[in-house]
Structure formats: C-alpha cells, structure tokens
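Listed here are the chains, written in short residue letters.
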Amino acid sequence: MRWYGKENTCEEEEVMVKIRFFARFRELLGTDIMTDVVAGTMFTPLITTIAKKNPEGYAAIFDENGAFHEFVILMKNGKRIEIADAAKTMVVDGDEIAVFPPVAGG
Amino acid sequence: MFSERELERYKRQIMSFGEEGQERLKKSHIFIAGAGGLGSPVSIYLAVAGVGTITIVDMDVVDQTNLNRQILHFDRDIGRKKTASAEEKLQELNPDITINAIDVKIDESNAGKIIGRADGIVDAMDNYPTRYLLNDVAIAKQIPLFHGGIRGFYGQATTIIPGTTPCLKCIFPKAPPSEVFPVVGVTPGIIGMVQATEVLKYLLGIGELLTGRLFIWDGMQAHAEEICVERNRACEACGGMAKKTRARKKK
Ligand SMILES: [Zn+2]
C-alpha cells in the first residue's frame, strides 16, 4: 500500500528519462519512451527493463547472458557510452538515451 | 573545356555553381563500391551531374529480387553481370563521361589498387567487413568516404573526412550480424541522394558537409534527425592520425 499523505516517507525519489530506439530496435520496442525510474538507476538495468517488454526486442539488443550485443551503440545526451561502462553509468533526471544498431543494408 | 552539348546538358546546374564548378566535376573521379540499392541512385545522379570519371564495382549478377530497388538494372538484365548493366545504363545517361565498371569482389588484396587515385569513395555496400576495408583505404589515401546504410524504411548516412571527422570504426566499432535485410526501394533512393549530394558538395567545395553527424532517416515516421558523432582516440583504424583541418577537395 502506498501512502500519499504529507508525511510520505516510503516513496523513493524518481527521475524522468527518455529512451529513444532506432531502426530495428524501434520497430520492436517503439521509441520516445518517457519513464520514471528510481534515482540511482544504472543504464543497463534501465534498458533491460524496457527491452523485456518484447522478447524479440530484448534479443535484438542483448545476448543470452544479458549483456549488450557488441554492435549496439549507446548514447546519453548525444555522448557515446561504451558498453563496458553502461552498467556503472547512472541515469539522471532529464537524460535522453539513444540505443541503436548500425544499419547494414545497401 | 566543354562542348556545346555539355554546356546545354549542364545549363541548369551551371546556373547554380558556374562553369568552374562544372569543370571541377568533370575533372573528378569517384569510386562507387556496389551497383545495388544505394549504388544505383548514387551512380545515376553522379553520372547525369557530370562527374567526369566514375568507377563502379560489383561482383554480382542481376537477380529478380534486386529489381524492387536496384534501378540501374532492368527486367531484361536478369542473369547479366551488374557491372555490364551499370556501364551500359550510365553511359547512355551521359555519353560525355567515363565509366569504369569493374567486376570483382572488393577485398584486402585489391581495394587500394582499384580505388586508385579516386577523389572519394561512395560506400554503397551491404556489409560491414567490406565497409571497414573501404574505411581503411579512405584513411590510407586521405580521401573522403561517403557512408550510407539502409534497412526497411530506415537509413543512415555520414561523410567521413579522414583525420578530421570520426571514421566508420569510430562510429560503429563492431559489425552487426549479417542478415537478409528487408528493403523498400525508396529508402536507398533517399539515402543515396544524401550521399550523392555530399559527393557533389565536396567536389565543388560548397555548402556544409555531413561531417561529425550521423544522418538518420525513419521513412515510417517521415522523420529525419542527426546524432553528433565524435572521433575515438583509441580507434583501431584512425586513432593514430593527426587532426587535419582541410575538409575540401584540393583545387
Ligand atoms: Zn576511427
């Protein structure tokens, strides 16, 4: 049960972030997803949670061990996040996160 | 110097960038890697614009499944080498330019040689291993690489000036798995036009190039956007290159 009264102490602080998927990821998961997350959430679990809404979308982004496929490109507010750093990169309020694959066809 | 026929042919674009610009196009040599979905519109428009020498390379024969997008090739060309089909069409579109069509698989052993002294490379490939090879040659020869990629209704493009902008490996360090990708012909049409526009601007020395920016097109949403991309100092392809300032073809 949640308590919405003045003395609310059980709600954790939440931050709002926007997740943008591109190309195939967008087809499977949609885009411009605004979501509230608990302050202190890291990049990888956030994307994992969103991607799990569609198993095919999840499999497109993550391998069977739950790690990002090595070709996936991650950006936070226009800056590249290396896959190796994603698990220890915190999202903060107002972050815009982009997740996309290289498009290969010609 | 131009013949009267050429002056007439290019009249409407000479209004835009002058006879001097047209002369620059005529003296230029562009290498197009691939005569497929992207290579078709890119080569057609560079040919009619009067790019003096176009080398186009492909190793495939025309298949019926190509015809929804590879507009250089017609129904009658099924079973024919793409290079033969491309050479014929491009030469007919513009008899005043030189077309070199090379029927070969681009690999490490031949890439540098067949690209030769081209002024720029158009990436019209359908796979990353070959794209990385083109990227390496562009870096070694210090010539631009005009990147494009498509899938379904979705496409991307960027202009790579080695030493100045991020290279293909800075942006996409790892290749995605290869697949038989869905594609609707309009998408390589749009992305190919972005690439061809970039080639012309580069050769003419006009406008703002699509450098340091990845252009992204979502045809389903009719939405274009760009993502800023940066050089990776540790890039295995271009990490050792000193920064250059020139992003223009030498006059
Ligand atoms: Zn690089």
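Of regular secondary structure, chain B possesses 8 helices and 8 strands. Relative to its length of 251 residues, chain B is compact, with a C-alpha radius of gyration of 17 Å against a globular reference of 18 Å. With the C-alpha coordinates of chain B rotated into their principal frame, the extents come out at 50 × 45 × 40 Å. Classification of the 251 residues of chain B by burial places 54% in the buried group. Carbon and sulfur atoms form 53% of the exposed surface of chain B, whose accessible area is close to 11200 Å². In chain B, 32 side chains carry a positive charge and 30 a negative one; their mean positions are 6 Å apart.

Soluble globular proteins tend to pack their nonpolar side chains together in the buried interior. Judged by nonpolar contacts, the single largest core of 41 residues is most densely connected at A:Phe100, B:Phe31, B:Ile106, B:Ile115, B:Ile121, B:Leu134 and B:Phe172. Those elements giving two or more residues to this core turn out to be β3 (73-76) and β5 (96-100) of chain A together with β1 (29-33), α5 (111-115), α6 (128-141), β6 (154-160), α7 (168-171) and β7 (213-218) of chain B. Sorting elements by how many residues they give to this core places α6(B) first, with 7 residues. Non-local contacts of B:Phe172, meaning those with residues more than four positions away in its chain, are made with A:Ile73, A:Phe100, A:Pro102, B:Tyr128, B:Tyr132, B:His147, B:Gln156 and B:Leu214.

Moving on, we come to the packing of helix α3 (residues 39-49) of chain B against helix α8 (residues 186-204) of chain B. Each pair of packed helices can be described by the angle between their axes along with the distance between the axes. Residues and elements named next belong to chain B. Here α3 crosses α8 at 40°, and the two axes come no closer than 8 Å. When the axis of α3 is compared with that of α8, the two are oblique. Of the two possible hands of crossing, α3 and α8 adopt the one that is right-handed. Residues Pro-41, Val-42, Tyr-45, Leu-46 and Ala-49 of α3 pack against Pro-188, Gly-189, Gly-192, Met-193, Gln-195, Ala-196, Val-199 and Leu-200 of α8.

This part covers a negative patch on the surface. Residue and element names in this part refer to chain A. On the surface, Glu-12, Glu-13, Glu-14, Asp-36 and Asp-93 cluster together to form a negatively charged patch. Tracing the chain through its elements places Glu-12 in the segment before β1 (14-21). What makes Glu-12 exposed here is its relative accessible area of 56%.

Turning to the pattern of salt bridges, a few remarks are in order. Pairing between side chains becomes possible if they bear opposite charge and their charged atoms approach one another. Evaluation of the coordinates by the stated rule reveals 24 salt bridges over all chains. Between B:Asp77 and B:Arg76 there is a salt bridge, with its nearest N and O atoms 4.0 Å apart. Put simply, A:Arg20, A:Arg26, A:Asp32, B:Asp218 and B:Glu225 are held in one network by salt bridges that share partners.

To summarise the sheet geometry, strands pair through backbone hydrogen bonds and adopt either a parallel or an antiparallel arrangement. Residue and element names in this part refer to chain A. Spatially, the 5 strands line up as an open sheet ordered β2-β1-β5-β3-β4, and their pairing is mixed. Both edges of this open sheet fall to β2 (33-38) and β4 (79-81), since each of them pairs with a single strand only. Neighbour-to-neighbour, the strand axes of the sheet open up by a mean angle of 30°, direction not taken into account. Of the strands in this sheet, β1, β2, β3, β4 and β5 touch helix α2 (residues 43-51), which is tilted by about 65° from β1.

Here the focus is unusual backbone geometry. Residue and element names in this part refer to chain A. Although it is not a glycine, Asp-32 adopts a positive phi angle of roughly 50°. You can see Asp-32 is positioned in the loop between α1 (23-29) and β2. Asp-32 sits in the partly exposed class, given a relative accessible area of 36%. At Asn-77, a position not held by glycine, the phi torsion is positive, near 50°. Within the secondary structure layout, Asn-77 lies in the loop between β3 and β4. Overall, Asn-77 belongs to the partly exposed group, its relative accessible area being 46%.

Before going further, it helps to examine the layout of surface pockets. Residues and elements named next belong to chain B. By volume, the largest pocket is sized at about 480 Å³. In this structure, the largest pocket is lined by 25 residues; those nearest its centre are Asp-58, Asp-60, Lys-82, Met-125 and Asp-126. Each residue belonging to the lining of the largest pocket can be placed in one class, and the counts come to 10 nonpolar, 8 polar and 7 charged.

What counts, and at which threshold
- The numbering scheme is per chain: residues are counted from 1 as the chain's sequence reads.
- Each chain is given a letter, starting from A, and each ligand a number, starting from 1, according to the order in which they appear as written.
- For a predicted model such as this one, the threshold for reporting local features is a pLDDT of at least 70, and the threshold for listing and counting side-chain atom pairs is 80 or more; totals across whole chains, interfaces and linings nevertheless cover every residue.
- With hydrogens and water excluded, all non-hydrogen atoms of the structure serve as input to the side-chain values.
- Helix and strand definitions here come from DSSP, where helices need a minimum of 4 consecutive H or I residues and strands a minimum of 2 consecutive E residues; each element is numbered from the N-terminal end.
- Both definitions apply: the radius of gyration is a C-alpha atom measure, and the globule rule equals 2.2 Å times residues to the power 0.38.
- Exposure classes here rest on a 1.4 Å probe applied to the protein chains alone. A residue is buried below 20% of its type maximum, exposed above 50%, and partly exposed in between.
- Where accessible areas are quoted, they stem from the Shrake-Rupley method and a 1.4 Å probe; at the residue level, only the protein chains shown are allowed to cover.
- For the charge count, each Lys or Arg is scored as positive and each Asp or Glu as negative, with His and the chain ends excluded.
- The atoms used to mark charge sites are NZ of Lys, CZ of Arg, CG of Asp and CD of Glu.
- Side-chain atoms within 4.5 Å are what join buried Ala, Val, Leu, Ile, Met, Phe, Trp, Tyr and Cys residues into a set we call a nonpolar core.
- The contact criterion used throughout is that any non-hydrogen atoms of two residues lie within 4.5 Å.
- Here the axes come from fitting lines to C-alpha atoms, over the contacting stretch only for helices, and the angles between their N-to-C directions go from 0 to 180 degrees.
- In these notes the angle categories are as follows: under 35 degrees is roughly parallel, over 145 is roughly antiparallel, 65 to 115 is roughly perpendicular, and the rest is oblique.
- Crossing handedness: left-handed means the near helix sits turned counterclockwise from the far one by under a right angle, and right-handed means the same turn made clockwise.
- Two distance rules govern patches: like charges are joined within 9 Å, and nonpolar side chains (Val, Leu, Ile, Met, Phe, Trp, Tyr) within 5 Å, applied only to residues with over 30% relative accessible area and no salt bridge.
- Every case where a carboxyl oxygen of Asp or Glu lies within 4 Å of a side-chain nitrogen of Lys or Arg is listed as a salt bridge.
- Strands are labelled as partners when DSSP assigns at least two bridges between them.
- Put simply, the grid is 1 Å and covers the protein atoms alone, a cavity is a trapped set of points that fit a 1.4 Å probe, a pocket is an open set with protein on both sides within 12 Å along at least five of seven lines, and lining residues have an atom within 4 Å of a point.
- Grid points are joined across faces, edges and corners, and a volume is the space filled by probe spheres set on the points.
- In the scheme used here, Gly and all other residues not listed as nonpolar or charged are polar, with Ala, Val, Leu, Ile, Met, Phe, Trp, Tyr, Cys and Pro taken as nonpolar and Asp, Glu, Lys and Arg as charged.

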